[in-house]
Amino acid sequence: MPCKPVLQTTMLCGSLTLLMTSGCGEEGTPSPIDEPNEIDTPSAESAEDQPKAPDTARAAPPAADLPASFTDSVQGYHQKQVPFEMILIPGDEAKGIKPFYIGKTEVSRAMFLRWAYGDDVEDAFELAKLIEKGLRPSPIYSEHVALHVARGKGDWLAYPAIGMSHLTARSYCLWLSEKTGKRYRLPNDVEWLHALELSGGVPNDREALLRQAMLEDNTEWTIDGFFPEPRRVAEGEPNRLGLVNLLGNATEWVESDAEDRWVRGGHFGLKADDLTETWKAIEDQSVWNETYPQLPYSRFWYLDFYYTGLRLVCEVESVEPE
């Protein structure tokens, strides 16, 4: 029997939030009786529907032939082309790190929401199928805290896309790869730490740190005073590599071979004294979605630890040499 929409309410920091849910446990997915609580990737039968990353099997061009940076673009929210810059990070042969490109900024809402809302899928029935198969998130409810912060400001699309799970971040990279013809992905943990090291690490001087990083010490708060807010993705002093907000603002998903998943870089709700070069927050559904009104918890969004965002990596093999 098809699931009927259910209107639920929950108290979120003193304000009433309305959620339109599928009535099937996890948003946009079958009943928890049929599927486990945590699912990392879509089911095998839906694999053929997943966006395919472009074939970039050709050998990587020499680093000397690669542009120091390049600008790509994607059709974003409100049908506008959104440019974004990628910066070349030198590799380290001794550490087994190949050169790679990394986003100058975090992924903005302008880049992200077209995919998240399914605005690129014209057929509503096709979008419903993608949601049912777990290939797209169900629509973000309007009072989700990750959208609530900074929403009252006129340029709210310039703020980082946040509140996303590892599955959401990874799925977005696959979609972007399909749209652009380049191979975009999340940085692995070694690459992210390598970029931080080359950029000078965490500044020892507090004032220098707060010029680079949006943390609890210098964040703004929502009008109701309940939530700290990020800043625009391009706002803040670039580090020595030219990367903006590698520290603070949205915390950034990385890949690893470990069973746990984690984010790096600190965030706009973290105190400056708690930020170190090795800081990471390990995913914990029981804490990150503690007040989520359904069981099982959402695979796509975090309600309580809503600082999570992403910074893109592009493999050099997919970039044309100069």
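Whatever comes next refers back to the structure up there.
Residues numbered from 1 in each chain as written. Predicted model: local features only at pLDDT ≥ 70, side-chain atom pairs only at ≥ 80, totals over all residues. Heavy atoms only, no water.

> Quick question: what am I supposed to make of the overall build of the chain here?
For the chain, the count of helices and strands is 7 helices and 13 strands. Per-residue burial over the chain gives 52% buried out of 322 residues. Long-range pairs, those at least 24 residues apart, make up 65% of the contacts in the chain with a sequence separation of at least 6. Carbon and sulfur atoms make up 52% of the accessible area of the chain, which amounts to about 15,000 Å² in all. (Helix = DSSP H or I, 4+ residues; strand = E, 2+ residues; numbered from the N terminus. Buried < 20%, exposed > 50% of the residue type's maximum accessible area, 1.4 Å probe, protein only. Contact = heavy atoms within 4.5 Å. Areas by Shrake-Rupley, 256 points an atom, 1.4 Å probe, with all protein chains shown as cover.)

> So what exactly am I meant to see when it comes to the packing of aromatic side chains here?
The relative placement of two aromatic rings is captured by the distance of their centres and the angle of their planes. Counted by the stated rule, this structure contains 17 aromatic pairs. Pairing Trp-115 with Tyr-172 gives two aromatic rings, centres 6.0 Å apart and planes at 80 degrees, and the pair type is edge-to-face. Of this pair, Trp-115 sits in helix α1 (residues 109-117) while Tyr-172 sits in helix α4 (residues 166-180); the two residues are 57 residues apart in sequence, bridging distant segments of the chain. Classification of Trp-115 by relative accessible area gives buried; the value is 1%. Given a relative accessible area of 0%, Tyr-172 falls into the buried group. Centroid distance Trp-288 to Tyr-302: 5.1 Å. Interplanar angle 90 degrees. Geometry classified as edge-to-face. With Trp-288 in helix α7 (residues 285-288) and Tyr-302 in the loop between α7 and β12 (308-309), this residue pair connects regions lying 14 residues apart in the sequence. Here Trp-288 falls in the buried class, since its relative accessible area comes to 4%. The exposure class of Tyr-302 is buried, given its relative accessible area of 0%. Among the aromatic residues, those joined into a ring-pair cluster are Phe-227, Trp-253, Phe-268, Trp-288, Tyr-302, Phe-305, Tyr-306 and Tyr-307. Across from the ring centre of Trp-262, 3.7 Å away, lies the NZ or CZ of Lys-280, which sits over that ring. (Phe/Tyr/Trp six-rings, centres within 6.5 Å; stacked < 30°, edge-to-face > 60°. Lys NZ or Arg CZ within 6 Å of the ring centre and 35° of its normal.)

> Honestly, the pattern of salt bridges in this entry has me stumped. Any pointers?
Opposite charge on two side chains permits them to pair, given that their charged atoms come into close proximity. For the structure shown, the criterion picks out 16 salt bridges. We note a salt bridge from Glu-85 to Lys-104, for which the minimum N-O separation is 3.8 Å. In this pair, Glu-85 is assigned in strand β4 (residues 81-89) and Lys-104 in the loop between β5 (100-103) and α1, connecting sequence segments 19 residues apart. In this structure Glu-85 comes out as partly exposed when scored by relative accessible area, which is 30%. Classification of Lys-104 as partly exposed rests on a relative accessible area of 29%. One continuous salt-bridge network, built from bridges that share partners, spans Arg-183, Arg-185, Glu-191 and Glu-315. (Salt bridge = Lys/Arg side-chain N within 4 Å of Asp/Glu carboxyl O.)

> For this particular structure, what's the right way to read the sheet that holds strand β9 (residues 251-253)?
Working definition: the strands of a sheet are paired by backbone hydrogen bonds and lie parallel or antiparallel to each other. On the basis of which strands lie adjacent, the open sheet formed by 4 strands has the order β11-β10-β9-β12 and mixed pairing. Among the strands making up the open sheet, the edge pair consists of β11 (280-282) and β12. As judged from the 2 bridges shared by β9 and β12, these two strands associate in the parallel manner. Residue pairing across strands places Glu-252 opposite Gly-309, the latter belonging to β12. (Pairing = 2+ DSSP bridges.)

> Honestly, the nonpolar core in this entry has me stumped. Any pointers?
Most often, soluble globular proteins have nonpolar side chains that are buried together. Ranked by internal contacts, the top residues of the largest apolar core, which has 79 residues, are Tyr-101, Phe-112, Leu-113, Tyr-172, Tyr-306, Leu-310 and Leu-312. Not counting residues up to four positions away in its chain, the partners in contact with Leu-113 are Tyr-77, Gly-118, Ile-140, Leu-147, Trp-156 and Leu-157. Grouped together as the second largest cluster of nonpolar side chains are 5 residues, Val-121, Leu-127, Ile-131 and Leu-135 included. (Core = buried A, V, L, I, M, F, W, Y, C linked by side-chain atoms within 4.5 Å.)

> What am I meant to see in the pairing of β5 here?
Burial along β5 is two-sided: the residues Phe-100 and Ile-102 and Tyr-101 and Gly-103 are all buried. Examined bridge by bridge, β4 and β5 share 4 bridges and lie antiparallel to one another. Residue Ile-89 lies in a different strand from β5, and its bridge partner there is Phe-100. Summarising the sheet, β5 and strand β13 (residues 313-315) pair through 3 bridges and their orientation is antiparallel. Counted as the bridge partner of Phe-100 is Glu-315 from β13.

> Before we go on, may I ask you to explain the pairing of β4 in this structure?
Relative to β4, strand β3 (residues 69-75) runs antiparallel, the two being bridged by 7 bridges. Bridge pairing in β4 places Thr-71 opposite Glu-85. Counting the residues between successive antiparallel strands, the hairpin from β3 to β4 contains 5 residues, one of them, His-78, with a positive phi of roughly 65 degrees.

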